[in-house]
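Geometric and topological summary
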Amino acid sequence: MAGPGRTEELAPKDAYLAEAEGSVLSAIDGGLVLDRTVFYARGGGQPGDVGIIRWDGGEIEVLDTVRKDGLPLHVVAEGAALPDPGTAIHGSIDWDRRYRTMRTHTALHALSGVVFRDFGAKVTGGNMEPGVARMDFELDGISVEFGQEVERKLNEELVRGYPTEVVYLARQEALKDPDLIRTKVNLIPEWVDEIRVIDIVGLDRQADGGTHVASTLEVGRVRVVKTESKGKANKRMRIELSGH
Ligand SMILES: [Zn+2]
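Description of the structure in this document. (Residues numbered from 1 in each chain as written. Predicted model: local features only at pLDDT ≥ 70, side-chain atom pairs only at ≥ 80, totals over all residues. Heavy atoms only, no water.)

Under the counting rule described, the total for this entry stands at four aromatic pairs. Pairing Phe119 with Phe146 gives two aromatic rings, centres 4.7 Å apart and planes at 65°, and the pair type is edge-to-face. Of the two residues, Phe119 is situated in helix α1 (residues 95-119) and Phe146 in helix α2 (residues 144-158); the sequence distance between them amounts to 27 residues. Judged by relative accessible area, Phe119 falls into the partly exposed class, the value being 29%. Judged by its relative accessible area of 12%, Phe146 falls in the buried class. (Phe/Tyr/Trp six-rings, centres within 6.5 Å; stacked < 30°, edge-to-face > 60°. Helix = DSSP H or I, 4+ residues; strand = E, 2+ residues; numbered from the N terminus. Buried < 20%, exposed > 50% of the residue type's maximum accessible area, 1.4 Å probe, protein only.)

This paragraph deals with the sheet that holds strand β6 (residues 58-62). Strand order in the open sheet made by the seven strands is β6-β5-β9-β2-β3-β8-β7, with antiparallel pairing throughout. The open sheet has two edge strands, β6 and β7 (64-68), and neither has a second partner. Direction aside, neighbouring strands of the sheet carry axes that sit 40° apart on average. (Pairing = 2+ DSSP bridges. Axes fitted to C-alpha atoms, helices over the stretch in contact; angles between N-to-C directions.)

Another aspect to go through is the coordination of the zinc ion. The protein atoms that coordinate the zinc ion are His105 (NE2), His109 (NE2), Asp208 (OD) and His212 (NE2), at distances of 1.7 to 2.0 Å. Classification of the site at the zinc ion rests on its four donor atoms, whose angles at the metal span 98 to 121°, yielding the label tetrahedral. Site description for the zinc ion: donor spacing in sequence, H-x3-H-x98-D-x3-H. Note that His109 is positioned in helix α1 and His212 in the loop between β14 (204-207) and β15 (222-229), a separation of 103 residues in sequence. (Donors = N, O, S within 2.8 Å, 3.2 Å for Na, K, Ca; no water. Tetrahedral: all angles 85-135°; square planar, octahedral: opposite > 155°, others 65-115°.)

An ideal rise of 1.5 Å per residue puts 36 Å on 25 residues; α1 measures up with 35 Å between its terminal C-alpha atoms. For α1, the side-chain oxygen to backbone nitrogen distance between the N-cap and Asp96 is 3.3 Å, and the N-cap itself is Asp94. One or two steps after α1, the chain reaches Gly120, where phi turns positive at roughly 70°. (Expected span 1.5 Å × (residues − 1). Polar contact = N/O pair within 3.5 Å; in protein donor to acceptor, adjacent residues only side chain to side chain.)

Inspection of the secondary structure assignment puts His74 in strand β8 (residues 71-75). Polar contacts involving the side chain of His74 include one to the side chain of Thr37, which spans 2.7 Å. Residues within four places of His74 in sequence aside, it is in contact with Gly30, Gly31, Leu32, Val33, Leu34, Thr37, Phe39, Ile53, Val62, Asp64 and Thr65. (Contact = heavy atoms within 4.5 Å.)

On to the sheet that holds strand β10 (residues 123-129), then. In spatial order, the strands read β10-β11-β16-β15; together these four strands make up an open sheet with antiparallel pairing. The sheet is open, and its two edges are formed by β10 and β15, each paired on a single side. Each strand of the sheet is rotated relative to its neighbour by a mean of 15°, with strand direction disregarded. Sheet topology note: the β10/strand β11 (residues 132-137) ladder contains six bridges and is antiparallel. Within β11, the residue paired with Met128 across the bridge is Ala133. Each of β10, β11, β15 and β16 (235-241) is contacted by α1, which is oriented at about 25° to β11, the strand it contacts most. Most of the contacts of α2 go to β15, to which it runs at about 150°, and overall it touches β15 and β16.

Time to look at the packing of α1 against α2. Relative to each other, α1 and α2 sit at 115°, their axes nearing to 10 Å. As judged from the angle between their axes, α1 and α2 are roughly perpendicular. The chirality of how α1 crosses α2 is right-handed. Counting all contacts with α1, which are made through Ala107, Ala110, Leu111, Val114, Val115, Arg117, Asp118 and Phe119, the residues of α2 involved are Phe146, Glu149, Val150, Lys153, Leu154, Glu157 and Leu158. (Parallel < 35°, antiparallel > 145°, perpendicular 65-115°, else oblique. Left-handed = near helix turned anticlockwise from the far one by under 90°.)

What follows is the structure, given as structure tokens:
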């Protein structure tokens, strides 16, 4: 890939890392690219991290992290003074926000696992913010009672404390896994030949680049706050972490 080099991305390897050292690869107006970062770049329905980047003699607030030209771009205020390429930095994310996002993200996996296991419905879409999320299912109908039943089943599963495992599979292997086919592993660009899989063993398994908590116990309780129809065979559930 053309450009200043690659960024070592720490979030997919250790979701619990809140800060890391690195250096500046490039600085453009409104953004910084680092050689190493703890910030998660928005993707797969998970929002990008916010936080602070500090260096000798300065610091700047990171307002969002997005992916640009394949690399995480730390978005900062336009016109702000930025460190030169090569400058050593210390990055730290807003950990409370990220951790809430990890709990929310893991709740969505459990929700998708429960709805598929008990109702045979696949996910058609979803999105999350720290503490709140929505997920759409291929269901013919939906009701308040259905939402309540799913909420009860979901919380029953969460307190069992399923571990969340991260495994890497060769693309050819991943394409044969029925769970991964169900969650559309085939939509991952063909040049990706190592697929990252999040396995909440026995509950849900899908190809995913995001950050999750290590056990479903950490999610806490989840409420289904709204059920709505978004069209034929497309029904939406909105969830919220209790006490988020
Ligand atoms: Zn995920």
